[in-house]
Amino acid sequence: MTKIGIILGSTRPGRNGEAVAKWVLAQAQQRSDAEFELVDLLDCKLPHLDEAVPPSLGQYSQPHTREWAAKIASFDGFVMVTPEYNHATSGALKNAIDFLFAEWNNKAVGFVGYGSVGGARAIESLRLIAGELMMADVRAAVTLSLATDFVNYSQFVPGEHQAGALNTVLDQVVAWSTALAPLRAGA
């Protein structure tokens, strides 16, 4: 069965992302076409990138890097839940991505963003990164506005239409993850 990791890309105290990621997981678990697992970067305890050798060489020296690599390698695709900070994704998510290379290759990725403009700019920056990592980013995305999908900018209450948008993202991530399986097997 296809296995999709839902990566919670914020480690900030009081983060809105936790409620968003749990909503994504709850919606995903209603499906029978894949297995879904929440990966909270707060639990991973990755320091700032501390590997001397570029990740494209796969020569990981740190135990936390090897553990992170094994976790990411176990998935066929991803949904990244990203805040938007200063027109980009969080430093925590970018750092976690930068630790690895081959473990991301030939996997699909979809995005759920949140912020003042729905995290759209963070999603767009992540699409550029996905291309460099040989990931297939799906067309659909969920963009959650702090003004309309949150009460007082902090209590997550997504608009009804957001469930449909998420379902489209999940459809595309599962389909592309399955289609890319032969490439992963050949690697």
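This report concerns the structure included in the present document. (Residues numbered from 1 in each chain as written. Predicted model: local features only at pLDDT ≥ 70, side-chain atom pairs only at ≥ 80, totals over all residues. Heavy atoms only, no water.)

**Digging into the nonpolar core**
Point 1. By size, the foremost hydrophobic cluster in this structure holds 28 residues, and its most contacted members are Val20, Val24, Phe36, Val81 and Val112.
Point 2. Those elements that provide at least two residues to this core are β1 (3-8), α1 (17-28), β3 (77-83), β4 (108-115), β5 (136-145) and α6 (161-179).
Point 3. With 6 residues, the top contributor of residues to this core is α1.
Point 4. Beyond its immediate stretch of four places on either side in the chain, Val20 contacts Val81, Val112, Tyr114, Leu144, Phe150 and Phe156.
Point 5. The next biggest cluster of nonpolar side chains, apart from the first, holds 26 residues, and it includes Tyr60, Ala96, Leu126 and Met135. (Core = buried A, V, L, I, M, F, W, Y, C linked by side-chain atoms within 4.5 Å. Buried < 20%, exposed > 50% of the residue type's maximum accessible area, 1.4 Å probe, protein only. Helix = DSSP H or I, 4+ residues; strand = E, 2+ residues; numbered from the N terminus. Contact = heavy atoms within 4.5 Å.)

**Overview of the environment of Asp149**
Point 1. In this fold, Asp149 is placed in the loop between β5 and β6 (150-151).
Point 2. A distance of 2.8 Å separates the side chain of Asp149 from the backbone nitrogen of Gly159, its partner in a polar contact. (Polar contact = N/O pair within 3.5 Å; in protein donor to acceptor, adjacent residues only side chain to side chain.)

As far as function goes, none of this settles anything; it's purely spatial.
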